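The lines below spell out each chain.
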Amino acid sequence: MCKFEHEFWKAFEAAAPKILGTLLIAVSVAMDRLSTVTLAERPRMADFARWITAAEPALGWAEGSFAPIYRANRSNTETAAIEGNPVAEAVLTIMQDHPSWRGTATELLKLLRQRFPLLSEDSDLPRQPNHLTSTLRRVAPLLRRRGVKTGFDREGKLGLRVITLDLVK
């Protein structure tokens, strides 16, 4: 049910002492348990994950329940980020057919335009090679987690800029 803003704040003010008390208990429990908590793997924001894992009992969660939920949430976020980026999706599609690709940003842009003409028509692809390189640098961590390593090198005396895309097993 939708509430008016003043109704929301009135309910929040009534609940605020209990919320604060619960948070303080969670911090207290986490501080007591923090030195004994070990994570099977260190996710992004590992300190945060360790603190929440230490606070699990105070939050009413089963021990060890936070890590799989956090992993699933990160995976869903990454999937949404890739689906929202046509360049990332296109690169992942190309890499399904080729274990590696090497060339300039101009060559990659040409390949993407040939392979995905609708993206070119909708202006979802960068118009300039340097913008494509910038986009690839931004999505490189997402691509890496999907098994595609990106590289940006300079070659030769003229410093030709070369992009490499490799499937990582």
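Here the structure is a predicted model, which is why all the values come from computation and not from measurement.

> Can you walk me through the side chain of Glu 56 in this structure?
Mapping Glu 56 onto the fold places it in the loop between α2 (46-55) and α3 (66-83). The buried charged residue Glu 56 lacks any salt bridge partner; its closest oppositely charged side chain belongs to Arg 33, at an N-O distance of 4.9 Å. Excluding its chain neighbours within four sequence positions, the residues that come into contact with Glu 56 are Trp 61, Ala 62, Glu 63, Gly 64, Ser 65, Phe 66 and Ala 67.

> What is the right way to look at the pairing of strand β1 (residues 100-103) in this model?
Each regular strand shows side chains that alternate between the opposite faces of the sheet. The two faces of β1 differ: Trp 101 and Gly 103 on one face are buried, but Ser 100 and Arg 102 on the other face are not. Bridge count for β1 against strand β3 (residues 160-167) is 4 bridges, and the pairing is antiparallel. Each bridged residue has a counterpart across the sheet, and for Ser 100 the counterpart in β3 is Asp 166.

> Explain the nonpolar core here, please?
If you look at soluble globular proteins, the nonpolar side chains tend to sit buried side by side. Core analysis: the largest hydrophobic core is formed by 24 residues, its most contacted members being Val 91, Leu 108, Leu 112, Leu 136, Leu 143 and Leu 165. For this core, the elements supplying multiple residues, two or more each, are α4 (86-97), α5 (105-115), α7 (129-145) and β3. Here the element with the most residues in this core is α4; it accounts for 7 residues. In terms of nonpolar packing, the next biggest core, distinct from the first, is built from 6 residues, Ala 30, Leu 34, Ala 54 and Ala 55 among them.

> Got a minute to help me understand the pattern of salt bridges in this structure?
If the charged atoms of two oppositely charged side chains come close together, the side chains can form a pair. Tallied over the full model, the rule gives 5 salt bridges. A salt bridge links Glu 63 to Arg 33, with the nearest nitrogen and oxygen atoms 3.5 Å apart. Highlighted residues: Glu 63 in the loop between α2 and α3 and Arg 33 in helix α1 (residues 5-33), separated in sequence by 30 residues. A residue is classified by how much of its surface remains accessible, and Arg 33, at 17% relative accessible area, is buried.

> What is the right way to read the pairing of β3 from this model?
The sheet contact formed by strand β2 (residues 148-155) and β3 spans 8 bridges and is antiparallel. For Val 148, the partnering residue across the bridge sits in β3 and is Leu 167. In this antiparallel pair of consecutive strands, β2 and β3, the connection spans 4 residues, and Gly 156 shows a positive phi of 70°.

> I tried to follow α2 on my own but got confused; where do I start?
For an α-helix, 3.6 residues make a turn, and residues three or four places apart therefore share a direction. Among the residues of α2, those classed as buried are Ala 49, Ile 52, Thr 53, Ala 54 and Ala 55. Looking at the buried positions of α2, the neighbouring elements they touch are α1 and α3.

> Is there a simple way to think about the packing of α4 against α7 in this case?
The axes of two packed helices give the description: the angle between them and the distance between them. The contact between α4 and α7 brings their axes to 9 Å, and the two run at 70°. Considered as vectors, α4 and α7 are oriented roughly perpendicular to each other. Crossing geometry of α4 relative to α7 is assigned as right-handed. The segment α4 lies against α7, with Val 87, Ala 88, Val 91 and Leu 92 engaging Leu 132, Thr 135, Leu 136, Val 139 and Leu 143. A breakdown of the residues in the contact of α4 with α7 according to their chemical character gives 8 nonpolar, 1 polar and no charged.

Rules used throughout
Residues numbered from 1 in each chain as written. Predicted model: local features only at pLDDT ≥ 70, side-chain atom pairs only at ≥ 80, totals over all residues. Heavy atoms only, no water. Helix = DSSP H or I, 4+ residues; strand = E, 2+ residues; numbered from the N terminus. Buried < 20%, exposed > 50% of the residue type's maximum accessible area, 1.4 Å probe, protein only. Lys, Arg positive; Asp, Glu negative; His and termini not counted. Salt bridge = Lys/Arg side-chain N within 4 Å of Asp/Glu carboxyl O. Contact = heavy atoms within 4.5 Å. Pairing = 2+ DSSP bridges. Core = buried A, V, L, I, M, F, W, Y, C linked by side-chain atoms within 4.5 Å. Axes fitted to C-alpha atoms, helices over the stretch in contact; angles between N-to-C directions. Parallel < 35°, antiparallel > 145°, perpendicular 65-115°, else oblique. Left-handed = near helix turned anticlockwise from the far one by under 90°. Nonpolar A, V, L, I, M, F, W, Y, C, P; charged D, E, K, R; others polar.

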